[in-house]
Amino acid sequence: MNNTKMQWFKDAKYGLFIHWGLFSLLAGEYNGKRTDHIAEWIMNYLDIPVEEYRKLAASFTAEKFNADEIVRMAKEEWGMKYLVFTTKHHEGFAMWNSGCSDYNVVKATPYGKDVLKEFQTACEKYGLALGLYYSQAQDWDDPDGYMYGHDNSRKNFRRYLDEKCIPQLKELLTGYGKISILWFDTPMDMTEAESGELADIVRTLQPECIISGRIGNGIGDYLTTGDNFIPAMPLERDWEVPATLNDTWGYNKYDNNWKDPEEILRLLLKIVRRGGNYLLNIGPDGQGDIPRQSIEILNTVGKYVRENADAVFGTKTTDLYPYDLNWAELTAKEHKLFVHVLKPITRVELLNVANTVRRAYLVRNGMELECRSRNICEGDPIVEVELPEELRQQKNYAVCIELEEEWPVFEPIRG
Ligand code: JFZ
């Protein structure tokens, strides 16, 4: 794999996924019936006829939508480095001014503005890499797309590719500046030749743009894991976990199963430690407003990420530490071992760490902490960091232990 092309992605670690479309207007409910599935699938799960569904566009006014504010928060409050926006989800509706389908946000809605353009402008202003989600196989609005009227067969898939998918991809790759990721999804049984054709278009029009694993047939530039599934160990390839804050991607007013910010933080640290990226989702509502709970969770996690940026960004995967710590997650970079303390403790004790330590400090403000390396009575090496009284009551802070050696040395358990 071309390393320079992947470098920004390897360094990015943390990104914002945005699922927004006509499905957001329904908010998980149609004609008094609630969907118990991910809300952006409501057209499919509640069997909404195409002609009925299309009428939603007439009520897309997006009064609360503010791309600048979303991107500003992602960058400045949440500490994220990239954004992936649903330009066309399975519903088939284009969130930009598409020249080859009038079923788009400019031509079919009272809002009438190019949402993607607004995200592009904001991403350029704040310096966030812009990625585009595009549902290449499923299109519930095109009779030749997969799953049109639940029909999973290919029909005249070639016609759909030539008349909608490929022309739209070309628009996306030529009209919106630098595109950092083309986030394909649900390849269904598209052939390797078809996946390759789409990849070639991306690579010809924007050679630096990277392609998500879900282009299918193993030809993406990195692995996309199952949604919300976290690999248990480092992987050979670059990878990314797409994940939700509740149980849906598209907005659902009935879904209040929000994850705890501490759970999100722990997942982020596990993913970073194992060499992956965390792509966390928000689902703006029909007006373009972001659920208050999403903002609160991301603000809390973001404060930690910004205050402890040195312990998150630029870290590398290392050998696995042999013990499972319930009070901490570990990350490392050259000559530094970071201990992310996630529960109150009286002292940092890392058994079987065989390094010589130079010094330790609190990452968020540089406060020096007393530390030592020694052998315990059984002969095993240990690294210890003393904590002042005020830190013993706290959680969610990072300690940096500077190492004489370049990398942490974890000894196997011999006992
Ligand atoms: C897909 C979409 O169908 C869904 O609406 C959402 O956009 C999500 C991010 O992606 O759903 C998937 C695709 C792949 C897996 C799971 C859900 N997978 O590989 O486990």
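In this text, all values refer to a predicted model and were calculated from it rather than measured experimentally.

The rules behind these values
- Residues numbered from 1 in each chain as written.
- Predicted model: local features only at pLDDT ≥ 70, side-chain atom pairs only at ≥ 80, totals over all residues.
- Heavy atoms only, no water.
- Buried < 20%, exposed > 50% of the residue type's maximum accessible area, 1.4 Å probe, protein only.
- Helix = DSSP H or I, 4+ residues; strand = E, 2+ residues; numbered from the N terminus.
- Pairing = 2+ DSSP bridges.
- Phe/Tyr/Trp six-rings, centres within 6.5 Å; stacked < 30°, edge-to-face > 60°.
- Lys NZ or Arg CZ within 6 Å of the ring centre and 35° of its normal.
- Domains from an automatic or database assignment.
- Buried area = accessible area lost by both parts, 1.4 Å probe.
- Salt bridge = Lys/Arg side-chain N within 4 Å of Asp/Glu carboxyl O.
- Polar contact = N/O pair within 3.5 Å; in protein donor to acceptor, adjacent residues only side chain to side chain.
- Axes fitted to C-alpha atoms, helices over the stretch in contact; angles between N-to-C directions.

Participant: Can you help me understand the pairing of strand E18 (residues 397–403) in this one?
Facilitator: Regular strands show a simple pattern: their side chains alternate between the two faces of the sheet. For E18, the tally of buried residues reaches seven of seven residues, placing the bulk of the element in the interior. Sheet analysis places strand E12 (residues 336–341) next to E18, joined by six bridges and oriented antiparallel. Residue pairing for E18: valine 339 is matched across the bridge by valine 399. Here strand E14 (residues 357–362) pairs with E18 via five bridges, running antiparallel. Counterpart to valine 357 in the pairing with E18 is leucine 403.

Participant: I tried to follow the packing of aromatic side chains on my own but got confused; where do I start?
Facilitator: Each pair of aromatic rings is reported with the distance of its centres and the angle of its planes. If you walk through the whole model with that rule in mind, you get 22 aromatic pairs. Ring centres of tryptophan 8 and phenylalanine 9 lie 5.8 Å apart, and the angle between their planes is 85 degrees; on these two criteria the pair is classed as edge-to-face. On the basis of relative accessible area, tryptophan 8 is assigned to the partly exposed category, the value being 25%. Residue class for phenylalanine 9 comes out buried when judged on its relative accessible area of 1%. Relative to phenylalanine 119, the ring of phenylalanine 85 lies with its centre 4.7 Å away and its plane at 45 degrees, an arrangement referred to as tilted. Taken as a pair, phenylalanine 85 in strand E4 (residues 82–88) and phenylalanine 119 in helix H6 (residues 115–126) lie far apart in primary sequence, 34 residues in all. You'll find phenylalanine 85 and phenylalanine 119 in the same group, each marked buried. Through a chain of ring-to-ring contacts, the aromatic side chains of Trp20, Phe60, Phe65, Phe85, Tyr111 and Phe119 assemble into a single cluster. If you follow arginine 34 out to its NZ or CZ, it ends over the ring of tyrosine 254, 3.5 Å from the centre. The aromatic ring of tyrosine 103 is capped on one face by arginine 54, whose charged end is 4.2 Å from the ring centroid.

Participant: When you look at the domain arrangement of the protein chain in this model, what are you seeing that I'm missing?
Facilitator: Often the size quoted for an interface is simply the accessible area lost on bringing the parts together. On domain assignment, one finds that the protein chain holds domain 1 (7–311) and domain 2 (328–403). Put simply, the middle of domain 1 and the middle of domain 2, counted by C-alpha atoms, are 39 Å apart. With both chains or domains summed, domain 1 and domain 2 bury close to 1300 Å², and 51% of this area falls on carbon and sulfur atoms. The largest per-residue losses of area from domain 1 upon contact with domain 2 belong to Arg266, Asp310 and Ala311, which jointly make up 39% of the total buried on that side. Linking domain 1 to domain 2 there are five salt bridges. Note that aspartate 310 is salt-bridged to lysine 333, the shortest N-O span being 2.6 Å. In this structure, the connection of domain 1 to domain 2 is made through nine residue pairs in polar contact (both at pLDDT 80 or more). Residue assignment for the side of domain 1 that touches domain 2 shows that the elements contributing at least two residues are helix H9 (261–273) and helix H10 (292–307). No other element matches H9, which puts seven residues into the side of domain 1 that touches domain 2.

Participant: Please clarify how the sheet that holds strand E13 (residues 347–351) should be interpreted in this entry.
Facilitator: Pairing between sheet strands relies on hydrogen bonds along the backbone, with the strands arranged either parallel or antiparallel. Pairing within the open sheet is antiparallel, and its three strands lie in the order E13-E17-E16. Each edge of the open sheet carries a strand with a single partner, namely E13 and strand E16 (371–375). When strand polarity is set aside, the average angle formed by the axes of neighbouring strands in this sheet is 20 degrees. Where E16 and strand E17 (residues 381–386) come together, five bridges link them in antiparallel fashion. Opposite serine 373, over in E17, you have valine 383 as the bridge partner.

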